[in-house]
Amino acid sequence: MQTSTSFSHKFLRIALAALFWLAVWQALAWWVGLNLLLPGPLLVGQTLVDLLGTAGFRMAAFNSLLGILLGFLAGVGAGSLLAWLTWASPLLDALFSPLLRLIRTAPVASFIILALLWLTSRTVPMVIAGLMVAPILWSSTKAALEEADQSLLEMAKAYRFSRWTTFRLIYLPQLLPHWTAAAATAMGLAWKSGIAAEVIALPRDAIGTNLYRARLLLNTEELFAWTVLVICLSFLLEQFFIRLMARLGRRYTI
Amino acid sequence: MITFDHVTLTYAGKHVLDDFTYSIPTDRITCLHGPSGCGKTTLLRLIASLVRPTSGTIHGLPIKPALLFQEDRLIPHLSAEDNIKAVLPAERAHESMDWLRKVGLADDAHLRPRELSGGMRRRIALARTLAYRGDFLLLDEPFTGLDADRVEQMAALIRETGTPALVVTHSKHEIALLGGTLLPLSGPPLTIL
């Protein structure tokens, strides 16, 4: 009862905040009075509904979702693996850590332009998303490995746990919360960088390509509609991922 | 016999053991008794091969030592039963409940360490050590947080295993309960009195 009440309170708070900002947006749109500069939420909503019915929209959403998701998963895998390797080997740490720090700080646009020289326009967003995700997962996973409970590790050594048992019983429960938080943050970044890569690389039937076309044709309401779609897809994917990890991690909660 | 042959161990610039030579019998329960910080725990850690001597050698180390740490070191997300199972091979996993029964915690098998009192956690840690079936027990203050009755029960349980042991204790009463030989110590560096 308590939980359902607090849930409905939270939902009401979010709904009221959303309504407030939609009202501000609409008021601003009325004040500007020019759809080219700032279309209102009603017009953007209508455009989004119109777009949803088109085959091109579904194809673009599917292609972008697939590319960014694959890039995200590859980045998560590579980042986690590199974290293990650089944590376990000082030599690999000396080799890879500067590279990963460089990737983390260099401007994403530079990578996109470079990738365009080497890759097809379809694969650029995927690779860029992966490149942006990997350093986040790397630093967070490595930090969690370094902070693993030494007293429990010593206990595992005393009782001669196998490597797999030590990982499963000691490292994994301590890694999961860090890893989930990093992956959720990286998911947002994968969308941002992936769409930015699409806007520059212009692959066929992709959200970024449609964003670019909308800007070119000064179709601002469509630009807003595509942006709303990206936000919704990113949010839904992030929520799905967080819930999935929460379910997997439930048995490791202390 | 576990023989320390001119063993020196330096930790953080301090000689915990300095040219220490002594043989510890492995056919009985030996109780280490001495002031805090004299090097008792270090002696146990050396025998468990968790630390290596800075110089000197140790002969006759046990093949499978079972170490009860000074702290409980239970895995926090595992139940009491699973903490014991964690040190058992799959074919002996069923023994975990027997051990919980022996330490009087069968009804709390499903509880996690944070849901148990300090004394209950200590008994689970002890059950885990005994369930491991080592060939030599290394028990660092095994009765911390237990009331007098429980100390007697747990001491009897240790004796019943018939496994030789090296036990760190501050209590002469506990030494008597364990039927152990007293080894008075001082230090650092560790010295047999």
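Here the structure is shown first, and the text comes after it.
Position numbers for residues count from 1 along each chain, tracking the sequence in the order it is written. Each chain gets a letter, beginning with A, and each ligand a number, beginning with 1, in the order they are written. Local features in this predicted model are restricted to residues whose pLDDT is 70 or higher, and side-chain atom pairs enter the listing and the counts only when it is 80 or higher, whereas totals over whole chains, interfaces and linings include all residues. Only hydrogens and water are set aside when side-chain values are computed; all heavy atoms of the structure are taken into account.

(A) Fine view of the interface of chain A and chain B. The interface of chain A with chain B comprises 15 residues on the first partner and 22 residues on the second. A simple way to read buried area is as the amount of 1.4 Å-probe accessible surface that goes missing from two parts once joined, with both sides added. Across the chain A to chain B interface the summed buried area is about 1,700 Å²; carbon plus sulfur atoms make up 60%. Every case where a carboxyl oxygen of Asp or Glu lies within 4 Å of a side-chain nitrogen of Lys or Arg is listed as a salt bridge. Counting every contact that joins chain A to chain B gives two salt bridges. A salt bridge links Arg-45 of chain B to Glu-154 of chain A, with the nearest nitrogen and oxygen atoms 2.5 Å apart. Any N or O atom pair separated by 3.5 Å or less is treated as a polar contact, with the protein-specific requirement of one donor-capable and one acceptor-capable atom, and with residues adjacent in sequence counted only for side-chain atom pairs. For the pair chain A and chain B, the interface holds six residue pairs in polar contact (both at pLDDT 80 or more). If you list the elements that add at least two residues to the side of chain A that touches chain B, you get helix 7 (150-158) and helix 8 (163-201) of chain A. Note on definitions: a residue-residue contact is assigned when non-hydrogen atoms from the two residues lie within 4.5 Å. Elements are defined by DSSP. Helices are runs of H or I of four residues or more, strands are runs of E of two residues or more, and each kind is numbered from the N terminus.

(B) Fine view of the packing of helix 3 (residues 55-88) of chain A against helix 10 (residues 220-249) of chain A. Residue and element names in this part refer to chain A. To get an axis, a line is fitted to the C-alpha atoms, and for a helix only the part in contact is used. The angle between two axes follows their N-to-C directions and goes from 0 to 180 degrees. As a packed pair, helix 3 and helix 10 sit with axes 12 Å apart at the nearest point and diverge in direction by 45°. Here helix 10 runs oblique to helix 3, going by the angle between their axes. Crossing angle aside, the handedness with which helix 3 passes helix 10 is right-handed. Along the contact surface, helix 3 presents Phe-57, Ala-60, Ala-61, Leu-65, Leu-69 and Phe-72, while helix 10 presents Trp-226, Leu-229, Leu-233, Leu-237 and Phe-241. Side-chain classes are defined by residue name, with Ala, Val, Leu, Ile, Met, Phe, Trp, Tyr, Cys and Pro counting as nonpolar, Asp, Glu, Lys and Arg as charged, and the others, Gly among them, as polar. Taken together, the residues of the contact of helix 3 with helix 10 break down into 11 nonpolar, no polar and no charged. Convention used here: angles under 35 degrees read as roughly parallel, angles over 145 as roughly antiparallel, angles from 65 to 115 as roughly perpendicular, and any remaining angle as oblique. Handedness of each helix crossing follows the sense of rotation of the near helix against the far helix: counterclockwise by less than a right angle gives left-handed, clockwise gives right-handed.

(C) Representation of the pairing of strand 5 (residues 65-68) of chain B in the model. All names here are of chain B. Every second residue of strand 5 is oriented toward a common face, with Pro-65 and Leu-67 on one face and Ala-66 and Leu-68 on the other, all of them buried. Paired strands, in this sense, are two strands between which DSSP finds at least two bridges. When strand 5 meets strand 6 (residues 136-140), the two strands line up parallel, connected through four bridges. Within the sheet, the bridge partner assigned to Leu-67 lies in strand 6 and is Leu-138. The buried label goes to any residue with under 20% of its type's maximum accessible area, the exposed label to any with over 50%, and the partly exposed label to all in between, with areas taken from a 1.4 Å probe on protein chains only.

(D) Local environment of unusual backbone geometry. All names here are of chain B. For Arg-73, which is not glycine, the phi dihedral falls at a positive 50°. Among the structural elements, Arg-73 can be located in the loop between strand 5 and helix 2 (80-85). In this structure Arg-73 comes out as buried when scored by relative accessible area, which is 14%.

(E) Region of the structure containing the sheet that holds strand 3 (residues 29-33) of chain B. With mixed pairing, the six strands of this open sheet are ordered in space as 5-6-7-3-8-9 (chain B). With partners counted over all chains shown, the strands left at the sheet margins are strand 5 and strand 9 (191-192) of chain B, one partner each.

(F) Looking closely at the side chain of Asp-140 of chain B. Residues and elements named next belong to chain B. Within the secondary structure layout, Asp-140 lies in strand 6. We treat Lys and Arg as the positive residues and Asp and Glu as the negative residues; His and chain ends play no part in the count. Buried and without a salt bridge, Asp-140 has Arg-122 as its closest oppositely charged side chain, separated by 6.3 Å. Setting aside residues up to four positions removed in sequence, Asp-140 forms contacts with Thr-41, Leu-44, Leu-68, Phe-69, Gln-70, Arg-122 and Val-168.

(G) Structural context of a nonpolar patch on the surface. The residues that make up patches have over 30% relative accessible area and no salt bridge, and they are joined within 9 Å when like-charged or within 5 Å when they are Val, Leu, Ile, Met, Phe, Trp or Tyr. With residues, only the protein chains shown are counted as cover, and all accessible areas are computed by Shrake-Rupley using a 1.4 Å probe. The grouping of Leu-28, Trp-31, Val-32, Leu-34, Leu-36, Leu-37 and Leu-218 of chain A at the surface amounts to a nonpolar patch, some 740 Å² of accessible area in total. Mapped onto the elements of the fold, Leu-36 of chain A is located in the loop between helix 1 (2-32) and helix 2 (41-52).

(H) Quick look at the packing of aromatic side chains. Stacked, edge-to-face and tilted are the three classes for Phe, Tyr and Trp ring pairs, Trp counted by its six-membered ring, which pair at centre distances within 6.5 Å; planes under 30 degrees apart are stacked, over 60 edge-to-face, the rest tilted. Enumeration according to the criterion identifies 13 aromatic pairs over all chains in this entry. Seen from their ring centres, Trp-84 of chain A and Trp-87 of chain A are 5.4 Å apart, and the 85° between their planes marks the pair as edge-to-face. With a gap of three residues between them, Trp-84 of chain A and Trp-87 of chain A both fall in helix 3, about one helical turn apart. Taking the centre distance of 5.4 Å and the plane angle of 75° together, the rings of Trp-87 of chain A and Tyr-171 of chain A count as edge-to-face. Placement of Trp-87 of chain A in helix 3 and of Tyr-171 of chain A in helix 8 is noted, with a sequence separation of 84 residues between them. For Trp-87 of chain A, a relative accessible area of 29% translates into the label partly exposed. Ring-pair connections join several aromatic residues into one group, and the members of that group are Trp-84, Trp-87, Trp-164, Phe-167 and Tyr-171 of chain A. For a lysine, the NZ atom is tested; for an arginine, the CZ atom; a charge sits over a ring if that atom is within 6 Å of the ring centre and within 35 degrees of the ring normal. Sitting over the ring of Trp-99 of chain B, Lys-102 of chain B keeps its end group 4.1 Å from the ring centre.

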